[in-house]
Each structure stands twice: as structure tokens, then as C-alpha cells.
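Commentary on secondary and tertiary structure
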Amino acid sequence: MVIELSADAETRLKEVALRRGIAADQLVEELIREAAAKTQVRPGESTLALFDEWEREDATDDPQEIARRQAEFDELKRAMNQTRLATDGPDARIPFP
């Protein structure tokens with residue numbers, strides 16, 4: 001594998017490798033292994049982390065926004081129930097009783 005580096009990045013890489021007493025290519029391999037070890041996740045973990053991130057991004061304590069979101073969610077549930085009834089008939093189990 002060949003990795004193209006800017007002259008500045010290559011200089012910094014060589015300086016760090018020299019300080020550590022190893023070859024630059026060895027340093028790159030170590031850094032890649034460390035990064036890979038940090039990014040190993042269990043199945044579903046990255047999805048849960050994404051959901052947590054979205055929840056933090058969307059957090060609010062504004063009562064009007066909370067009410068708007070609840071109304072939007074209620075409309076979604078109503079539409080899903082209607083679709084289920086229209087598709088499966090009047091005896092269908094609706095997802096949001």
C-alpha cells in the first residue's frame with residue numbers, strides 16, 4: 001500500500017518516529033493498529049452511539065417545541081394505524097393502540 005503525504009506531514013511523521021526511535025513506516029503501522037483497536041465496536045454499538053448523538057443534538061426544554069414534536073409523533077402513529085387497517089382489514093393488530 002502506498003500512502004501519499006504532504007511534505008509537511010511526512011516531515012512531522014519522520015520527526016515523531018525519530019523521537020520514538022523507530023522507522024516512519026513502523027510508526028504508521030502502530031498508529032493504524034491503535035486507531036483500529038479504538039474503533040472496534042460490538043454489533044449495534046455504533047447505531048446506539050448515533051442515536052445518543054442525535055438525542056443530544058435535538059435536546060430541548062422549549063415547551064412549544066416539545067408540544068410540536070409530540071403532535072408530530074401522534075400524527076405518525078395515527079397514520080401508521082390507518083395504513084395497517086387499510087392494508088390488513090378491520091381485524092388487524094394496530095401498532096399503536
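Given the structure is predicted, the values throughout are model-derived calculations rather than measurements.

**Structural notes on the packing of aromatic side chains**
The geometry of two aromatic rings is summed up by the distance between their centres and the angle between their planes. According to the stated counting rule, one finds two aromatic pairs in the structure shown. Ring geometry for Phe-51 against Trp-54: centres 5.8 Å apart, planes inclined by 45°, an arrangement best described as tilted. One end of the pair, Phe-51, and the other, Trp-54, are both in helix H3 (residues 45-58), three residues apart, so they sit about a helical turn from each other. We classify Phe-51 as partly exposed; its relative accessible area is 46%. Given a relative accessible area of 43%, Trp-54 falls into the partly exposed group.

**Here we look at the pattern of salt bridges**
Once the charged atoms of two side chains with opposite charge are near each other, the side chains can pair. Inspection of the entire model under this criterion finds ten salt bridges. Among the ionic pairs, Asp-8 bridges to Arg-12, the shortest N-O distance being 3.6 Å. Of this pair, Asp-8 and Arg-12 both sit in helix H1 (residues 7-20), four residues apart, roughly one helical turn. Glu-72 is the partner of Arg-68 in a salt bridge, and the nearest nitrogen-oxygen pair spans 3.2 Å. Residue Arg-68 and its partner Glu-72 are located together in helix H4 (residues 63-88), separated by four residues, close to a single helical turn. Arg-68 gets classed as partly exposed once you look at its relative accessible area, which sits at 42%. A single salt-bridge network, built from bridges that share partners, covers Glu-65, Arg-68, Arg-69 and Glu-72.

The rules behind each value
Residues numbered from 1 in each chain as written. Predicted model: local features only at pLDDT ≥ 70, side-chain atom pairs only at ≥ 80, totals over all residues. Heavy atoms only, no water. Phe/Tyr/Trp six-rings, centres within 6.5 Å; stacked < 30°, edge-to-face > 60°. Helix = DSSP H or I, 4+ residues; strand = E, 2+ residues; numbered from the N terminus. Buried < 20%, exposed > 50% of the residue type's maximum accessible area, 1.4 Å probe, protein only. Salt bridge = Lys/Arg side-chain N within 4 Å of Asp/Glu carboxyl O.

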